[in-house]
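The primary structure of each chain is shown beneath.
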Amino acid sequence: MIQSLVKAANVLDILKSENRELTIAEISEFLNIPPSTAHRILSTLIDVGYVSKDERTHLYGLGPALIPLGIKASSKLDPQAVGKLILEKLSDLTREDSYFIIKSGDKGLLLSKAEGKHSLKIVENFGIEIDLHKGAIRKTILAFQSDDYINYYLKRDLSDYLNSPVDKDQLKKELMQIKNQKISVSDSEYIDSVIGIGAPVFNYKDQLVGSIGVVIPKERITEESKKEYMEAVKSCSVEFSKNLGYSEA
């Protein structure tokens, strides 16, 4: 391993993670390296355009040459491949099967899944398309569509939930809440006696690519455990998005 390259990468990482311009002293302290070393690394990174320096304030930030590199790298990312490890992590955290679902027309399509350790399974089949307003994971996708699309969708004849018709006014309010909170919870909307939990996944262009989540039999969920499931789903969706290059402003 070439230590100088590692140190240069660490400088770029700290400038990225702090999301602000830094002084040499701050960079030196963050990375536990001498200021002289930090100065040499920064000078080299400035020469290649990976770091910029404000000559008035003497602050350092990420440089413009990183932009095309980031765009090129992000464009090569396959959400299904990137999501595999995230789904496995979500299943490890919850012990439930976890799912990655994408939009297909006016429906949600299961693209990939990971097996949880619980023996009692809720079956979600590959290739089966289900209306976007049914279930937390699919409803998350609907919530992050454009206003025009949501208005179009709500004007359609919507198929009933398992035990009740769809209240379109209530659905619209729910979609707004999902968009604000970036988490969705459903109760037996198309599978009897299950709770669904879903959260959105975005790419480097801040575009929704799909949603991930879990579907849990009601018999093994409590209010306390539901909060834990929600935290797990939301944290994994954030990690998934970051791995696709998404950066929340």
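Here we summarise the structure given alongside this text. (Residues numbered from 1 in each chain as written. Predicted model: local features only at pLDDT ≥ 70, side-chain atom pairs only at ≥ 80, totals over all residues. Heavy atoms only, no water.)

Our focus in this paragraph is the packing of aromatic side chains. With the rule as written, the count across this model stands at five aromatic pairs. Consider the rings of Tyr 149 and Tyr 153, whose centres lie 6.1 Å apart with planes at 35°: the pair is tilted. Note that Tyr 149 and Tyr 153 are positioned in helix H7 (residues 147-155) at a spacing of four residues, about one turn of the helix. A relative accessible area of 14% places Tyr 149 in the buried class. Tyr 153 sits in the buried class, given a relative accessible area of 0%. Taken together, the ring pairs connect Phe 144, Phe 202 and Tyr 246 into an aromatic cluster. (Phe/Tyr/Trp six-rings, centres within 6.5 Å; stacked < 30°, edge-to-face > 60°. Helix = DSSP H or I, 4+ residues; strand = E, 2+ residues; numbered from the N terminus. Buried < 20%, exposed > 50% of the residue type's maximum accessible area, 1.4 Å probe, protein only.)

Taken N-terminus to C-terminus, the directions of helix H6 (residues 136-143) and helix H8 (residues 168-181) make an angle of 85°; their axes are 9 Å apart at the nearest point. Our classification of the angle between H6 and H8 gives roughly perpendicular. Contacts from Lys 139, Thr 140, Leu 142 and Ala 143 of H6 reach H8 at Leu 171, Glu 174, Leu 175, Ile 178 and Lys 179. Class assignment of the residues belonging to the contact of H6 with H8 gives a composition of five nonpolar, one polar and three charged. (Axes fitted to C-alpha atoms, helices over the stretch in contact; angles between N-to-C directions. Parallel < 35°, antiparallel > 145°, perpendicular 65-115°, else oblique. Contact = heavy atoms within 4.5 Å. Nonpolar A, V, L, I, M, F, W, Y, C, P; charged D, E, K, R; others polar.)

Let us look at the sheet that holds strand S8 (residues 208-217). Here six strands make up an open sheet; going across it, the order is S5-S4-S3-S8-S7-S6 and the pairing antiparallel. The open sheet is flanked by strand S5 (129-131) and strand S6 (184-187), the only strands paired with a single partner. Between one strand and the next, the sheet's axes are offset by a mean angle of 35°, whatever the strand orientation. Alignment of strand S3 (residues 98-104) against strand S4 (residues 107-114), held across seven bridges, turns out to be antiparallel. Its bridge partner being in S4, Phe 100 is matched across the sheet by Ser 112. Packing against the sheet, H6 makes contact with S3, S4, S5, S6, strand S7 (194-202) and S8, and its axis sits at approximately 155° to S8. (Pairing = 2+ DSSP bridges.)

Once that is clear, we can look at helix H2 (residues 24-31). Note: α-helices contain 3.6 residues per turn, so residues at a spacing of three or four share the same orientation. Looking only at H2, the buried set comprises Ile 24, Ile 27 and Ser 28. Along the long axis of H2, the arc covered by the buried residues comes to 100°, so they all point the same way. Structural note: H2 exposes Ala 25 and Glu 29 on the side pointing more than 90 degrees away from its buried face. Two residues or fewer after H2 comes Asn 32, characterised by a positive phi angle close to 55°. (Arc of directions from axis to C-beta.)

Right, let's get into the pairing of S7. Most of S7 sits inside the fold, with nine of its nine residues counted as buried. Alignment of S6 against S7, held across four bridges, turns out to be antiparallel. Bridge pairing links Val 185 to Ile 197 in S7. In the sheet, S7 pairs with S8 via nine bridges, with the strands oriented antiparallel. Of the residues in S8, the one forming a bridge with Gly 198 is Gly 213. Where S7 folds back on S8, the antiparallel hairpin that results is connected by five residues, among which Asp 206 adopts a positive phi of roughly 65°.

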